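# Residue-level structure breakdown
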Amino acid sequence: MTPAHGYAQHEHEGPLLGIPLTRMGSGTAWLPDAARMPAYHASLGRWTLMVHGSVFLQYDRQLGTRADDQLGSVNWVMVMAGRPAAGGTVRFRLSLAFEHAIGSKVAGSLYAAPVGEPALGPVSYLHRPSAAYDPTAPLGHHTQDFTHTSFGVVTVGAFTRALRLEASAFNGAHPDDVRTDFDPVRLDSYAARVTCNPAPQWSVAAWFGHVAAAGGSHAHDALDRFGASVLHTRGAWSTAFVYGGDLPTGAGHPLNTLLLESTLELDEVNAVYGRAEYVRRTAADLALVGSVSREVDIEAVSLGYERGLWRNAGVATSLGARGTLNLIPEELRLFYGSRTPVGLMAYVQVRPTFDRRKG
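We now turn to the structure provided with this report. (Residues numbered from 1 in each chain as written. Predicted model: local features only at pLDDT ≥ 70, side-chain atom pairs only at ≥ 80, totals over all residues. Heavy atoms only, no water.)

### Quick word on the packing of aromatic side chains
Within the structure shown, the criterion is met by 5 aromatic pairs. Residues W47 and F92 carry aromatic rings whose centres are separated by 6.1 Å and whose planes lie at 40° to one another, so their mutual orientation is tilted. One end of the pair, W47, is in strand β3 (residues 47-62); the other, F92, is in strand β5 (residues 88-92), with 45 residues separating them in the sequence. Plain terms: the ring middles of F226 and Y243 are 6.4 Å apart, the flat faces sit at 40° to each other, and that makes the pair tilted. A residue pair is termed long-range when its members are at least 10 positions apart, and F226 in strand β12 (residues 223-234) and Y243 in strand β13 (residues 237-248) qualify at 17 residues. You can call Y243 partly exposed: its relative accessible area is 22%. When the ring centre of W30 is taken as origin, the NZ or CZ atom of R23, which lies over that ring, is 4.4 Å away. Between the NZ or CZ atom of R351 and the centre of the ring of Y133, over which it lies, the distance is 4.4 Å. (Phe/Tyr/Trp six-rings, centres within 6.5 Å; stacked < 30°, edge-to-face > 60°. Helix = DSSP H or I, 4+ residues; strand = E, 2+ residues; numbered from the N terminus. Buried < 20%, exposed > 50% of the residue type's maximum accessible area, 1.4 Å probe, protein only. Lys NZ or Arg CZ within 6 Å of the ring centre and 35° of its normal.)

### A few points about the nonpolar core
Ranked by size, the top nonpolar core spans 13 residues in total, and within it Y111, L120, F170, W207 and V211 carry the most contacts. Of all the secondary structure elements, the ones that give two or more residues to this core are β7 (107-113) and β11 (202-211). Counting residues per element, this core draws most heavily on β11, at 3 residues. With 11 residues, the next largest nonpolar core counts V292, V296, I328 and L332 among its residues. (Core = buried A, V, L, I, M, F, W, Y, C linked by side-chain atoms within 4.5 Å.)

### Description of a nonpolar patch on the surface
Residues L110, V154, V156 and L187 make up a contiguous nonpolar surface patch of about 320 Å² in total accessible area. Relative to the helices and strands, V154 is located in strand β8 (residues 153-159). Judged by its relative accessible area of 34%, V154 is partly exposed. (Patch = residues over 30% accessible without salt bridge, like charges linked within 9 Å, V, L, I, M, F, W, Y side chains within 5 Å. Areas by Shrake-Rupley, 256 points an atom, 1.4 Å probe, with all protein chains shown as cover. Salt bridge = Lys/Arg side-chain N within 4 Å of Asp/Glu carboxyl O.)

### Side note on the pattern of salt bridges
Following the criterion strictly, the structure yields 19 salt bridges and no others. Of the charged contacts, one joins D188 and R186 as a salt bridge, the two residues approaching to 3.1 Å between their closest N and O atoms. Note on R186: relative accessible area 36%, which makes it partly exposed. Of the charged contacts, one joins D297 and R280 as a salt bridge, the two residues approaching to 2.6 Å between their closest N and O atoms. A residue pair is termed long-range when its members are at least 10 positions apart, and D297 in strand β16 (residues 295-312) and R280 in strand β15 (residues 270-282) qualify at 17 residues. Of the residues examined, D297 reaches a relative accessible area of 28% and is grouped as partly exposed. Several salt bridges share partner residues, and in doing so they unite R128, D134, D145, E261, R275 and R322 into one network.

Structural data, given as structure tokens:
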């Protein structure tokens, strides 16, 4: 088992419609074909196995009147097993996905999961090359791609070499705070997404969905969610632009979010990355009380740097630092002590290495 680019696998079975497996993002979302994801690959008979993920150990310090600090670890791993079956391709993760060619230019797909991701939102930030070195979720995560973990998903789709149309039924409830068990599985929400990959360096998507009301610690009213994303990868430079909006039932206007993130690998051991973000949030979202506006605009700019420490047996260990400058309205100065509160983070990341000899 060796680390390799995603499209170095499955050479013995041939990709469906000639689509390389580097395009496989989170759920059924597409990445640019040129995207690079560090992973381990192996073959077992007609089965192809893949494991990829990341481990972060970080110290986070937020400055200002509401200052706090935290030592934590954010980790994820994905295991995939796939093989030819019934004239198509079947893949297992926590989900079951089946794709079958309908002709020489069109194929159909079915995706079902007790825990999975519907066709709503961009490729999850955990799987975007533009965020590969960033240990934090975007400010707009809950509006853009929080459904990447939904307890109950069924998605059907059709696709060509460059275009994918898909629709999902899924569970609109946010996972509860106990992340070691299964929440109730149900299908109470729906979504649709269209994705176009016009060239190996690009993937463009747009989506719309209705998310049912949910209770519990992450209660929310029913809402419509919509957005669009543009992902670009050229060599060692990956960038993503994401727009996401929520329109709660009965509201006159949406709560919008914008994200621009980019990562550049300078060489084998050095990488720089950054984010520019805008979110519109309610006072309740920010746990604010008193005479403040019902909705406020928040902006943030983050820059980070990561340097490799050592590599051994296909594992890369790196040390990184990240700083964030938040921009908040004047009316929130009393709560935060400044209109420009700052956050700082230091971390260690462990993940598979790239194998630059393949692909």
